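One-letter residues, chain by chain:
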Amino acid sequence: MALPIMAKATAVWLVDNTTLTFIQIAEFCGLHELEVQGIADGDVAQGVKGFDPIANNQLTQEEIDKAEEDKKYRLQLKYNAAAEGEEVRRGPRYTPLSKRQDRPASILWLVKFHPELSDGQVSKLVGTTKPTINAIRERTHWNISNIQPIDPVALGLCKQSELDAAVQKANAKRLKEGTALSDEERRKLVSTEQSLGQAPEPELPTAISGLETFTLSGNDDADEEEDDNLLVDADSLFNLPDAPSADEDDD
């Protein structure tokens, strides 16, 4: 099915100006229903200006009215000969300049909550490079101390359907190889709402950074022996004279 240009901006306009259901808008714009719900709640596509599909010859008012009356009706994109073949274009994912600063946070989220994803899958989802992924995975990124994991769907870097498809593909591959996720790894796969509501991970103060793995090692027996040598008899601290005998008292 052909999709409208500027699909997310079109969804913003439809949410603000129509009574269409989330499912109707999601199917017309090629988005996930939860993404459309996030747009309505103000959690997704913040700052995105609505794109009028009627004024841009992608949809008619009659089509919208028909869909509003019948909630099961699916909107049909107005035919545009100039857009023929646009859906078969292939190439690297383009990330707007305003969202490129959010990519490290989304990479950290994917690495943390979806460890089964390969570097190639992460790269396709958020439009980044493998060296950047490796730097964040190994915590050698120059700004790693200031990066907090955020769901790329919430940031608008990818669709929920794309993330779900990548996770399913990765799980199927690991299951085929006999390396399926353990119970502990599965517990890490949380929802968008849970990940956004989690408190930031505690960080070590800069003054003691790098000492988190430092431990004191030594011979416990030697330490105990040294402690015994430090024990001093109380009588030896006071050089008291011997008590006088009874004969000496008589004299």
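Residues numbered from 1 in each chain as written. Predicted model: local features only at pLDDT ≥ 70, side-chain atom pairs only at ≥ 80, totals over all residues. Heavy atoms only, no water.

As annotated in an unreviewed UniProt entry, the chain carries the name Cytoplasmic protein and is attributed to Litoreibacter halocynthiae.

Colleague: Any chance you could explain the overall build of the chain here in plain terms?
Modeller: Broken down by element type, the chain carries 15 helices and zero strands. At a minimum sequence separation of 6, the contacts of the chain that also span at least 24 residues come to 67%. Summed over all atoms, the accessible surface of the chain reaches about 17,200 Å², with 51% contributed by carbon and sulfur. (Helix = DSSP H or I, 4+ residues; strand = E, 2+ residues; numbered from the N terminus. Contact = heavy atoms within 4.5 Å. Areas by Shrake-Rupley, 256 points an atom, 1.4 Å probe, with all protein chains shown as cover.)

Colleague: Help me understand the nonpolar core in this model?
Modeller: When a protein is soluble and globular, its nonpolar side chains tend to lie buried together. Ranked by size, the top nonpolar core spans 23 residues in total, and within it Ile-107, Leu-110, Leu-117, Val-122, Leu-125, Val-126 and Leu-163 carry the most contacts. The leading source of residues in this core is helix α6 (residues 103-113), at seven residues. For Ile-107, the contacting residues outside a window of four places in its chain are Val-122, Val-126, Thr-128, Thr-132, Ile-133 and Ile-136. Counting 21 residues, the second largest nonpolar core, distinct from the first, contains Ala-7, Ala-11, Ile-25 and Ile-39. (Core = buried A, V, L, I, M, F, W, Y, C linked by side-chain atoms within 4.5 Å. Buried < 20%, exposed > 50% of the residue type's maximum accessible area, 1.4 Å probe, protein only.)

Colleague: Help me out: how do you make sense of the environment of Ala-26 in this one?
Modeller: With respect to the helices, strands and loops of the structure, Ala-26 is situated in helix α2 (residues 22-29). Given a relative accessible area of 5%, Ala-26 falls into the buried group. Spatially, the C-alpha atoms of Ala-26 and Val-36 are 6.2 Å apart, while their sequence positions differ by 10 residues. Non-local contacts of Ala-26, meaning those with residues more than four positions away in its chain, are made with Leu-31, His-32, Glu-33 and Val-36.

Colleague: How should I be thinking about a negative patch on the surface in this particular structure?
Modeller: There is a patch of like negative charges on the surface, built from Glu-62, Asp-65, Glu-69 and Asp-70. Tracing the sequence through the fold places Glu-62 in helix α4 (residues 61-69). Residue classification places Glu-62 among the exposed residues on the basis of a relative accessible area of 59%. (Patch = residues over 30% accessible without salt bridge, like charges linked within 9 Å, V, L, I, M, F, W, Y side chains within 5 Å. Salt bridge = Lys/Arg side-chain N within 4 Å of Asp/Glu carboxyl O. Lys, Arg positive; Asp, Glu negative; His and termini not counted. Charge placed at Lys NZ, Arg CZ, Asp CG, Glu CD.)

Colleague: Help me understand the packing of aromatic side chains, please; the structure alone is not making it clear to me.
Modeller: The description of two aromatic rings rests on the distance between their centres and on the angle between their planes. This model, assessed by the stated rule, comprises one aromatic pair. Ring plane angle 45° and centroid distance 5.3 Å describe the contact between Trp-109 and Phe-113, whose orientation is recorded as tilted. Pair noted here: Trp-109 and Phe-113 are both in helix α6, with a separation of four residues, about one helical turn. Of the two residues examined, Trp-109 and Phe-113, each falls in the buried class. (Phe/Tyr/Trp six-rings, centres within 6.5 Å; stacked < 30°, edge-to-face > 60°.)

Colleague: Just checking my understanding: could you explain the pattern of salt bridges for this structure?
Modeller: It is possible for side chains bearing opposite charge to pair when their charged atoms get close. By the definition in use, this model includes three salt bridges. Measuring nitrogen to oxygen at the nearest pair gives 3.7 Å for the salt bridge that ties Glu-35 to Lys-8. Remark: Lys-8 occurs in helix α1 (residues 7-17) and Glu-35 occurs in helix α3 (residues 33-41); sequence separation between them is 27 residues. Judged by relative accessible area, Glu-35 falls into the buried class, the value being 2%. The salt bridge partner of Arg-74 is Glu-27, with a shortest N-O separation of 2.5 Å. Of the two residues, Arg-74 is situated in the loop between α4 and α5 (97-100) and Glu-27 in helix α2; the sequence distance between them amounts to 47 residues. Its relative accessible area of 30% is what places Arg-74 among the partly exposed residues.

Colleague: Mind showing me how you'd approach α1 here?
Modeller: Among the 11 residues that make up α1, eight are buried, leaving the element largely enclosed by the rest of the structure. Buried residues along α1 sit against α2, α3 and α4.

Colleague: Looking at this structure, I do not really get α3. What am I missing?
Modeller: Along an α-helix, residues three or four positions apart point the same way, because every turn accommodates 3.6 residues. Within α3 the residues assigned to the buried category are Glu-35, Val-36, Gly-38 and Ile-39. Down the axis of α3, the sector holding all buried residues measures 155°, keeping them to one side. Where α3 terminates, the next one or two residues include Gly-42, which has phi positive at roughly 85°. (Arc of directions from axis to C-beta.)

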